[in-house]
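# Residue-level structure breakdown
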Amino acid sequence: MAGNEWINGYLEAILDAGAKRKEQTRSHHLSSSAKFNVVMELQKYGHDKEKEAAYSPTKYFVEEVVSRFDDSDLHKTWVKVVATRNSQERNNRLENLCWRIWHLARKKKKTEWDDTRKLLRRKVEQEQGSKEAADDLSELSEGEKEKPDGSNNQGASVDNSSNVGDPRMTSIVSDEEDEEGEKEHLYIVLISLHGLIRGENMELGRDSDTGGQVKYVVELARALAATKGVYRVDLLTRQISSPDVDWTYGEPVEMLSSPSDAEDADSCGAYIIRLPCGPKDKYIPKESLWPHIPEFVDRALAHITNVAKSLGEQLSSNPSSPAIPVWPYAIHGHYADAAEVAAHLASILSVPMVMTGHSLGRNKLEQLVKQGRLTKNDINSTYKIMRRIEGEETGIDVAEMVVTSTKQEIEEQWGLYDGFDLMLERKLRVRKKRGVSCLGRHMPRMVVIPPGMDFSHVNTQDLEKDGDLQMLINSDSSQIKRDLPPIWSEVMRFFSNPHKPMILALSRPDPKKNVMTLLKAYGESRHLQELANLTLILGNRDDIEEMVGSSATVLTNVLKLIDKYDLYGKVAYPKHHKQSDVPQIYRLAAKTKGVFINPALVEPFGLTLIEAAAYGLPVVATKNGGPVDILKALNNGLLVDPHDQAAISEALLRLLAEKSLWLECRRSGLRHIHRFSWPHHCRLFLSHLSSLLVHSSSPSLSLSAQQGPQSEPLSESLRDLSLYFSTDSPDALATESLIDSHRLHRMESSSALSFSPGHRQRIFVITIDCYSAKGTIEIPNLKEILDKVTSVDGLNGRIGYVLSTGSTVPETLEAIQSCHIDPTRFDALICSSGAEVCYPWRDTSADLDYGAHLGFRWPGDHVRETVTKVGKLDGAGDCDMVFDETASSAYCLAYAVKLEANVQKADGIKQRLRMRGFRCNLVYTHACRRLNVVPLFASRSHALRYLSIQWGINLSKVVIFTGEKGDTDYEKLLPGLHKTVIMQGFVNTGSEKLLREEDSYKFEDVVLIEAPNIITLDKDFSISDMTSPI
């Protein structure tokens, strides 16, 4: 066998592994079974192996060959093997193996090339969008240039995207202000959807979903509730009643802090609110939660509405007047799933949204693609990564503010997203300060607010004493040792000379944490070994052989290096420690006058550096990532290149040997550590909110007029009148006059906000998009649907009806009349893909309050030409997508589509608009013959939630009737707390082909079609078939 010796060695190892596995499983058919074994391993290459307990040498060496060698080298090896082939069974196997690996490498190379081209096209599109936006915003008029920051120039053009001068803007006392401001009674909602969340005895590390984010959100909720001006904090999460987890995760409410814990006595504390979401008796990972998000949104909406009403009643100063609801000051989503929940809630309630990414999908996708172990399809199916990225992009669309831990996170991670451009954000910020129109564009403000910590348990006076350490080292008394933290004895037992300073490293056993480089630096430095001991706290373990993944590899290599450099008696590596032991480990290192080190290849933030500083430990940290900002603030250590062993050794020696430097770093860290405390974090958080967010103190939603029979719908009142008057009688004219008078009285005394469904027990929403291939409404199908659905209630008035469509109001009314149905039969019409709501019982004019709700951040005419420009494919004609004036309205820009093959898909257009700073929803309707561009807050789904709050109807009492396909917003109508009835056979042509690209997320990532509240009926169903399930 000739060729590259490395390739030959790997191939031999693969064959040996296959032969050994074969001997363990079969004793006959040597050649065929060995070949089959190798082929099966090759077919499995690229798939997730995390769940396999056994280590696969074959998989390892296949990955090495494919990732390290060019396909041309593999081809040469195969040619040489063929040329030297003989009848030996091993050579035949080798030939087959080389050929298959060569083709696998070629396939991998082609995939990488395709991915690179896609990324390049996306980057070019981003740069083009950013340049176009920058060009539009580059020039200010002379009046605008002269205008000082913050002034309100009446001559400047101000649009809905600018926050300047908005009467809804409020302010609170910032962290720089000392004077006491007016009490605010703020209600803040935090959302963290996945993982196991409770206030005490957090099971951090129990699974991949229960990590640092759980601790972060719980401590943030407590700290905010203790901040002056904050009245209540709710942390919303998923309720889990599974036998696999503790019963406490099934409790609906848990108090995190009582009113007495707050600075302000006028507070009602912080609470964990657990809402049912998904399978009731199953704890599912975050990747499986996406189809259940709409259910969580609906339950959260009901909870927030009830709390807003309750707080309004509590804080009302005039009991005789209706209480004004206290809506959330902000809704803060944590991670991609909760960010999407927060975005929907903020859009429906018209309140500000904040998001914190914690970790980001695009960054993870980039890393996984670079590793080359999984194809993009495998990454998507395993991690639902494209769905996660869309959740993050949705959060950016709606968010006023994004909280980050470091500047590096803004520049290197958020910069990967379509919805954020740093330079464009700065231009928009300047224009907002000057009170100048942003031309319909919006970028969220990225603010750096490091995570807070609770330092109340840190006793700085204790840090100056070392008596207890001397007792531990010098005393033989077991009683004295029992009085000291047990973890101290567990660590000190490793050292032959426990008097030396301690170098402490604390992390999980992950290759990215770079513990091996630290250990090599220590092992190869005689001076370090003479000067200090090394303590490695690397998670918990029982038997390394039973561990899976990279953790076992790291721990095994640690033991090998300790043996290689003969570091016994100098390195501690305890097997177990509790979360409560961590502060004691820091204390021990500080008492030995030691140093903490974080040598990670890249550290997104570096919370352990702050913890170490709180206990007076100087630090050595990686120069890549968050530690740069931390050390700039604390000035308590040195930065190093994590790949440079010599630099690590030199930095450790310098801090340990130069006592004056050690003491200076210690004092500086303790002096500035308050910058990372929770009170400081909360003051910064609220200060940024007051200056950046558009806070709606009285949203367009009103809950004050929801009772009393006088607010019942007009159709109900007219139905009552029909019991006493007959239009066929001689008094018909008088009857009509009375009806007109009643209608006029209702119009004068009612508004959209005072309308509620009265005695309605259910609301039926018809969303079936019946269009022909030419885009015209199919009246026969629509009539059959309306007749069947409206016949359920007859004239009893227990059921209200809403028609929801992508057509305009005039088109909808014409279609209803063509079906020989009175439009006043409907309580509401949702038209133009959610851009308009009107009430036919009153008149056909749009709900102005709903329109005001949509108008916020609506770019309007600013985006009109851009949609035409980015909506067509290369080579498309001017007439393939044309602005349709007749189908447009104040909050809907409609475009006629001539040839669907020549236009971009809805998500593609939305992506390009995001890159230019425009935030809109796009819906293809009328069987791909029309594109509706509507405001970000507009959708048929959101309009229904708007009506449910306005009318006081629980969404569980709502039934949506839809077809098996429809407009491109079809999938958003199906899931939720309501029941959904899919009526098959009524929709001949849908628009789903223009929804999104094939490499994006899937329909099943949005809708769980097997959900118990989704029912499917055949076209020939009977009324009983329809009513029995609902």
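Rules behind the numbers
- Residues numbered from 1 in each chain as written.
- Predicted model: local features only at pLDDT ≥ 70, side-chain atom pairs only at ≥ 80, totals over all residues.
- Heavy atoms only, no water.
- UniProt positions renumbered as here; feature names shortened; annotations may be inferred.
- Axes fitted to C-alpha atoms, helices over the stretch in contact; angles between N-to-C directions.
- Helix = DSSP H or I, 4+ residues; strand = E, 2+ residues; numbered from the N terminus.
- Parallel < 35°, antiparallel > 145°, perpendicular 65-115°, else oblique.
- Left-handed = near helix turned anticlockwise from the far one by under 90°.
- Contact = heavy atoms within 4.5 Å.
- Phe/Tyr/Trp six-rings, centres within 6.5 Å; stacked < 30°, edge-to-face > 60°.
- Buried < 20%, exposed > 50% of the residue type's maximum accessible area, 1.4 Å probe, protein only.
- Lys NZ or Arg CZ within 6 Å of the ring centre and 35° of its normal.
- Pairing = 2+ DSSP bridges.

Taking an unreviewed UniProt entry as the reference, the protein is identified by name as Sucrose-phosphate synthase belonging to Carex littledalei. For the protein, the Sequence similarities (unreviewed entry) comment in UniProt is given as "Belongs to the glycosyltransferase 1 family." According to UniProt, the comment filed for the protein under the heading Subunit (unreviewed entry) is "Homodimer or homotetramer."

## Section: the packing of helix H9 (residues 335-349) against helix H12 (residues 385-398)
Direction vectors running N to C along H9 and H12 enclose 40 degrees, while the axes themselves pass 8 Å from each other. In terms of their interaxial angle, H9 and H12 are classed as oblique. With respect to the hand of their crossing, H9 and H12 are arranged in left-handed fashion. Residues Tyr335, Ala336, Ala339, Glu340, Ala343, Ala346 and Ser347 of H9 form the contact with H12, whose participating residues are Arg387, Arg388, Gly391, Glu392, Thr394, Gly395 and Val398.

## A closer look at the packing of aromatic side chains
The final tally for this structure, using the stated rule, is eleven aromatic pairs. Ring centres of Phe764 and Phe961 lie 5.0 Å apart, and the angle between their planes is 65 degrees; this geometry places the pair in the edge-to-face category. Of this pair, Phe764 sits in strand E15 (residues 762-766) while Phe961 is found in strand E23 (residues 958-962), placing the two residues 197 residues apart along the sequence. The residues Phe764 and Phe961 share a single accessibility class, namely buried. Members of the aromatic cluster, each reached through a chain of ring pairs, are Tyr586, Phe596 and Tyr615. Above the plane of the ring of Tyr417 lies Arg362, whose end atom (NZ or CZ) is 5.4 Å from the centre. Over the ring of Phe986 we find Lys1019; its NZ or CZ atom is 5.3 Å from the centre of that ring.

## A word on the side chain of Arg914
Of note, Arg914 is situated in helix H34 (residues 906-915). Classification of Arg914 as buried rests on a relative accessible area of 4%. Beyond its immediate chain neighbours, meaning those up to four positions away, Arg914 contacts Glu390, Glu393, Thr394, Asp397, Asp418, Gly419, Met443 and Arg919.

## Quick word on the pairing of strand E24 (residues 979-983)
In terms of burial, E24 is largely enclosed, as four of its five residues are buried. Relative to E24, E23 runs parallel, the two being bridged by four bridges. Its bridge partner lying in E24, Phe961 is registered against Val981. Bridge count between E24 and strand E25 (residues 1014-1017): four bridges; the pairing is parallel.

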